[in-house]
Amino acid sequence: MLNRWKRLLALLASVAVLFSLCTAASAAPGGQAEPRELTAADYAAADAIFASLPSADGTNGGTAGAADTGALCDWLETADGVRPGTVSANGSCVTWQTDAGITCSYNPQLERISERAQEPAQTETLESIPALRGVQHGRDVYLFQPYYGLDSSFTRQYYEEGQRIAAKSEGTFYYYKTEAATVDAIADAVESGGVILFDSHGTTDYTGDNEDYTSKATTSYLCLQSGEGLTTEDYAGGHAVYGGSGINGMRYYEVDGTVIANHMDKPANGGLVWMAICLGMATDGLEGPLMDAGAGVVYGYSQSVTFIGDYCFEEEFFNKLLQGGTVAESIRTMKARYGNWDCSPAILGSDSSQTAASLEEAVRKHAAFPIVVSAEDAYPGHGKVDAVQEVSSVWSLLESFTATVTTDAPETAGTVVQKGMTVTAVPARGYYADGATVTPEGAAVVTQEGDLFRISSLRADCTITIHFSAKTPAVLHFAVPNGVMQADIQSYVGDAEPLPLPAGTPAADAQDYSFAGWSLQEQAEPIESMAYLRAGSELPVEQPKQTLYAVYRYFATPAGTTPAFHELTEAPEDWSGTYVLSAAGRALLCDGSVTGAALGSSEAAVPFADAGLAEEDGALRGVSAAVVVQIERAAGTEQYAIRLGGTSDAVYLACRSNSEQLNTAQDAGTSLSRWVISMEDGHMTIRSARYLSRTLQYDADAGCFRCYAKTKTPLTVYRGETSSLWYTTQPKMHDHQLVETGRREPTCTMSGWIDFRCTICGELRRQPLEPLGHEVVNGLCVRCGEVMQLPFRDVPEDAYYYDAVVWGLSHGVVNGTSETTFSPDLSCTRAQAVTFLWRAAGMPESSGNTAFADVPADSYYAAAVAWAAENNVTNGTGSGCFSPDAPCTRAQIVTFLWRAAGEPEPSGNTAFADVPADSYYAAAVAWAAENNVTNGTGSGCFSPDDLCTRAQIVTLLYRQLTKEI
């Protein structure tokens, strides 16, 4: 019966890409870890960990079938010899790193599959057989069989095929088996070989359900029996993995293409790498680095390949190749005879249950599809290799020519580096690699992938000229709020720029804003979920000008208020909500900076004071998103998921094994990250839905929160208003609460203002008030009384009394005798004169009625005469009379003015000839003359007995009241 066991022995010893791995070597100058080659003692320590792995029955024996992946992870996290923080799971595979820097991988299926490998009845001795060496360079053939003689599945077929190829190509056949197949031997073979054959086991870094080894895989591995030459640097980042030992002395040192390329001392010779291994093309982890290192063609399989399928394919392929065919022609011949996948009817027959007759059936049964990568054939892409590939490679074995690489651009534009059949363009900043020209035309095929050029199909010696062109300048503009600064970045379209961390904090203070990242879209109104790019991540520049908006986040209720938190003492109907989990004055840290098993350490138990928290009468003040969890009910169940509330990522509390270890998970859909919540003895009890005996408690001695089966310190839980993280690109100021502190009213011509002060922040604000403007009626402003245009036609602008009339009308002292006349030459009565004077004084109130018999109480001048009598402005004309209708003389009006001014003493006597020194009006006239109230009537006279006209009296009043006296 045909042996059709899959070649997958290691079954994808999973290696999650561990960015935090560091080597155990001492630090070299400059702070870099110095790589070192691993020793037998280093691997012995790793084997000791494999030997102690817990099994399903709880014992330690390194046997297959651990209880679950979570239990294994928890055990490894506390195991001796395992570096803290390096344990990771990818599907059912678990990886960790030893103290010596060896990345190890465990998969329960590894042992079960390796047990199927049978020890050969006897070990054959196969020696290297040199063939005649011809003039062709790089036609040597290298075969690597790490497990020949250890696993009877591996036969002599490739040994015999290698000799046949070497004889035909006039090269030398080199053979490496078991521990002779080291990484350095493989690197040397890739450098100089024409054909390199890997006849071994292969794997990826992922194992899922239903024979899924590819969906989440990130790299592919070649399995070796020897770890000789591997260093701590090889194991960093998951490029090399140690899978421990199986039966028959088999070991599993797994390397991807990066490790092989790093061990090469010079570029490859453009040879053919034939990978007769499982899953070699499931990812680009093997072929990509080998092609970059100068390989001409890489052949491999998308899935686990059967031995019979691979043997059929390789025999037919090399039959055609050795007849002078190209790779494309050889692949077509191979598929024409045996089909497009390894379990085709042409290989297995139509009656086998493993036969796949259609493409759909082949994909469903995980058939292995042959895949070729060359200068003409790009890698189809992860997840796209389970398909029929049309191959175009014109690589052939039996000819060799030289390609010389140069550039027609100045060094300021860029340079080129040639490694065998691979050319790397190194453009200067602002330039890009813009194609290549082959001279003579048609002598070679050159394909470009970014800055990488691959040369193939050489038909003659030729020169390949790489061209450089200038990129389009671009600018990244960063929109930031007031108080934050970030300069523009000058770049080029097509480049990728690391995004910066802006300086400063927003002046806006409506919330406690913190920077989250950058968005290509503006988001004015806060939202609970938003896509953004973190500082440090790279942004492809796609346009000459791109604007990125600073994204800020804050913790608040939907209304934007700070949520209030109070100690929970009674069970709610639904536990969904926002909480702070605490105990003994410490809160669980939930900002995403501490995850995984570290969440169950003292690092994640933050003292209240350090978190800005203060407890007062059952209320918790100062709560931020860094210490809250969001509890959500799982639909259709009484179980809850508990998500860390301080991170935008989905991170949930998890109890991943039946141990006290608190952990995190990114999936809330399993019982490992579900919880049953109740109120017991006055405390909120959070119990693992998977391990019901374990509850989330605080250990005061260890200073951490964990899942304990025994009684520790119960949780003190504070429940808050519904709240979450909110995101916006436009932080806002708080709403000012303003109170008035002062004002100045505006006038017709002068502006005013109102002063305010914010009772929250103390900010002072002034609201300006525009001038009111004049409201003119009949030439007079009814607001301020200012005369805008005299309505009187009998008051010419050049009259000596013009300004006085304007003043008197503006201040309500005088009116016209009609709407259009003032009658300046009419004489004034005593009643009119006193009224003018009273109005000019502001119409003050008097204490009572006048005692003059001839002043009626209801007359227009009664209040004025009463005021004048009270203030000794007038004493009447005698006999208890005022004589209101008697004409007012110049002497009388000056006396009225003098008395109204308080009868000030003049500095001397009047110089007017017609003013007797003993007259009642002598002092008044002297005062008026001294203060330019009057200049007399001419010829040294005052004319005291002349009647006073309306023009004269308003002029006297104007002069007195508008000049400094």
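Residues numbered from 1 in each chain as written. Predicted model: local features only at pLDDT ≥ 70, side-chain atom pairs only at ≥ 80, totals over all residues. Heavy atoms only, no water.

Details of the confidence of the model for the protein
Move 1: Per-residue confidence for the protein averages 86 on the pLDDT scale, and 91% of its residues sit at or above 70.
Move 2: Counted against residues more than four places away or in other chains, residues 1–32, with its pLDDT under 50, gives 119 contacts.
Move 3: Taken together, the stretch residues 128–137 has pLDDT below 50 and engages in 25 contacts with residues farther than four places along the chain or on a different chain. (pLDDT = per-residue confidence, 0-100. Contact = heavy atoms within 4.5 Å.)

A few points about the side chain of Thr355
Move 1: Structurally, the position occupied by Thr355 is in the loop between helix 11 (345–348) and helix 12 (359–364).
Move 2: For Thr355, a relative accessible area of 6% gives the class buried.
Move 3: With sequence-adjacent residues up to four places away left out, Thr355 is seen in contact with Cys343, Ser344, Pro345, Leu348, Gly349, Glu361 and Lys365. (Helix = DSSP H or I, 4+ residues; strand = E, 2+ residues; numbered from the N terminus. Buried < 20%, exposed > 50% of the residue type's maximum accessible area, 1.4 Å probe, protein only.)

Regarding the packing of helix 13 (residues 802–810) against helix 18 (residues 950–962)
Move 1: For the pair helix 13 and helix 18, interaxial distance at closest approach is 8 Å and the crossing angle is 75°. By the angle class used here, helix 13 and helix 18 are roughly perpendicular. Here helix 13 contributes Asp803, Ala804, Val805, Trp807 and Gly808 to the contact with helix 18, which in turn contributes Val954, Thr955, Leu957, Tyr958, Leu961 and Thr962.
Move 2: Taken together, the residues of the contact of helix 13 with helix 18 sort by class into 7 nonpolar, 3 polar and 1 charged. (Axes fitted to C-alpha atoms, helices over the stretch in contact; angles between N-to-C directions. Parallel < 35°, antiparallel > 145°, perpendicular 65-115°, else oblique. Nonpolar A, V, L, I, M, F, W, Y, C, P; charged D, E, K, R; others polar.)

Looking at the pairing of strand 10 (residues 251–255)
Move 1: Of all 5 residues in strand 10, 4 are buried, a share of seventy percent or more.
Move 2: Relative to strand 10, strand 8 (residues 220–224) runs antiparallel, the two being bridged by 3 bridges. For Leu222, the partnering residue across the bridge sits in strand 10 and is Val255.
Move 3: Pairing of strand 9 (residues 240–245) with strand 10 involves 4 bridges; the strand directions are antiparallel. Across the sheet, residue Val241 finds its bridge partner in strand 10, namely Glu254.
Move 4: The hairpin turn running from strand 9 into strand 10, its antiparallel successor, is 5 residues long, and Asn248 in that turn takes a positive phi close to 60°. (Pairing = 2+ DSSP bridges.)

Examining helix 5 (residues 183–192)
What sets the pattern is the α-helix's 3.6 residues per turn: residues three or four places apart point alike.
Move 1: Burial analysis of helix 5 places 7 of its 10 residues in the buried class, the great majority of the element.
Move 2: Along helix 5, the residues classified as buried are Val183, Ala185, Ile186, Ala187, Ala189, Val190 and Glu191.
Move 3: Tucked inside the fold, the buried residues of helix 5 contact strand 4 (141–145), strand 5 (173–177), strand 6 (195–199), strand 8, helix 7 (257–262) and helix 8 (287–292).

With respect to unusual backbone geometry
Move 1: Here the amide bond leading from Thr439 into Pro440 is cis, since omega sits at 0°, within 30 degrees of zero.
Move 2: Along the chain, Pro440 turns up in the loop between strand 17 (431–439) and strand 18 (445–449).
Move 3: Look at Ala584: it is not a glycine, yet its phi comes out positive at around 50°.
Move 4: In this fold, Ala584 is placed in the loop between strand 30 (577–583) and strand 31 (586–588).
Move 5: Not every positive phi belongs to a glycine, and Glu903 is a case in point at roughly 55°.
Move 6: For Glu903, a relative accessible area of 37% translates into the label partly exposed.

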